[in-house]
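Single-letter residue listing:
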Amino acid sequence: KAGVTQTPRYLIKTRGQQVTLSCSPISGHRSVSWYQQTPGQGLQFLFEYFSETQRNKGNFPGRFSGRQFSNSRSEMNVSTLELGDSALYLCASSSGIRAETRSSYEQYFGPGTRLTVT
Amino acid sequence: TQLLEQSPQFLSIQEGENLTVYCNSSSVFSSLQWYRQEPGEGPVLLVTVVTGGEVKKLKRLTFQFGDARKDSSLHITAAQPGDTGLYLCRGTTSGTYKYIFGTGTRLKVLA
């Protein structure tokens, strides 16, 4: 079974530009979550999608957005990049969301996209 | 701001020693998970705990969820070099259903 794939793996952008990152979940998984990981702030939750609908959102500014397609693939977009957006962006997929705890079933993470903003 | 504090931040021990990592918060969590992350890879789920007071064992790893569901611990018995990595706890907050990752514990086990 193929794992979660993220493209590109590495990206260098300049301030003010915008960027789109892509995530392909494990086949059959319908939930995709995005996280930002930095040395200073650690791992922070961005948003979660399930069946093309955003079901959960972290505390990030509106410059960070995402979407999910009918085949469960997901993209996240960051507009007007800032130096502080340099980070490892991780995508995780799961089969769904537990109704009783509103937490995802076991999440499988991709290797991440390392974004550097100069 | 909801925080999940992990301690210690860094830990370097010899093979065969025991260790405990703590994950503490003032928030109540409906569930809590532990992950291990190695360089260049995404985190890998180790365990999920849901019930206050719950204890789960995974070979040499023992996980405990606090009675009030605000804290958790991970105990490793007879650590091995293969246990080296970044250990992260992640909680789902009750009510608001936000995912919060802990600050992380970087473990190095020396052969």
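Since we're looking at a predicted model, the values are computed, not measured.

Colleague: I'd love a proper account of the interface of chain B and chain A, names of residues and values included.
Modeller: Counting residues at the interface gives 19 residues for chain B, matched by 19 residues for chain A. Together, the buried faces of chain B and chain A total about 1600 Å²; carbon and sulfur atoms form 52% of this surface. When the buried surface of chain B facing chain A is broken down by residue, Y97, Y99 and F101 of chain B rank first, second and third, together holding 38% of it. Between the two partners, chain B and chain A, sit 0 salt bridges. Inspection of the region where chain B meets chain A yields 5 residue pairs in polar contact (both at pLDDT 80 or more). Those elements that provide at least two residues to the side of chain B that touches chain A are β4 (29-37), β9 (85-93) and β10 (99-101) of chain B. Per-element accounting of the side of chain B that touches chain A gives the leading share, 5 residues, to β4 of chain B. The residue makeup of the side of chain B that touches chain A, split by class, is 9 nonpolar, 7 polar and 3 charged.

Colleague: Can you explain the sheet that holds strand β7 (residues 64-68) of chain A? Please cite residues and give values.
Modeller: Residue and element names in this part refer to chain A. The strand order across the open sheet built from 4 strands is β1-β3-β8-β7, with neighbouring strands paired in antiparallel fashion. Of all strands in the sheet, those bounded by a partner on one side alone are β1 (5-7) and β7. Going across the sheet, the axis of each strand differs from the next one's by a mean of 20 degrees, ignoring polarity. The pairing of β7 with strand β8 (residues 74-78) spans 5 bridges and is antiparallel. For R67, the partnering residue across the bridge sits in β8 and is E75.

Colleague: Can you tell me about the state of the cysteines, naming the residues and giving the values?
Modeller: All told, the structure shown has 2 disulfides over all chains when counted by the stated rule. In this model C23 of chain A forms its disulfide with C91 of chain A; the gap between the sulfur atoms is 1.7 Å. Between C23 of chain A and C91 of chain A, the S-S dihedral sits near -50 degrees, and the bridge is therefore left-handed. With C23 of chain A in strand β3 (residues 19-24) and C91 of chain A in strand β9 (residues 87-94), this pair connects stretches of sequence that are 68 residues apart. Both residues of the pair, C23 of chain A and C91 of chain A, belong to the buried class. Paired through a disulfide, C23 of chain B and C89 of chain B show a sulfur-sulfur distance of 2.1 Å. What sets the handedness of the C23 of chain B and C89 of chain B disulfide is the S-S torsion sign, and at about 80 degrees it is right-handed. Note that C23 of chain B is positioned in strand β3 (residues 19-24) and C89 of chain B in strand β9, a separation of 66 residues in sequence. In this structure C23 of chain B comes out as buried when scored by relative accessible area, which is 0%.

Reading the values: rules and limits
Residues numbered from 1 in each chain as written. Chains lettered and ligands numbered in written order. Predicted model: local features only at pLDDT ≥ 70, side-chain atom pairs only at ≥ 80, totals over all residues. Heavy atoms only, no water. Contact = heavy atoms within 4.5 Å. Buried area = accessible area lost by both parts, 1.4 Å probe. Salt bridge = Lys/Arg side-chain N within 4 Å of Asp/Glu carboxyl O. Polar contact = N/O pair within 3.5 Å; in protein donor to acceptor, adjacent residues only side chain to side chain. Helix = DSSP H or I, 4+ residues; strand = E, 2+ residues; numbered from the N terminus. Nonpolar A, V, L, I, M, F, W, Y, C, P; charged D, E, K, R; others polar. Pairing = 2+ DSSP bridges. Axes fitted to C-alpha atoms, helices over the stretch in contact; angles between N-to-C directions. Disulfide = S-S within 2.5 Å. Buried < 20%, exposed > 50% of the residue type's maximum accessible area, 1.4 Å probe, protein only.

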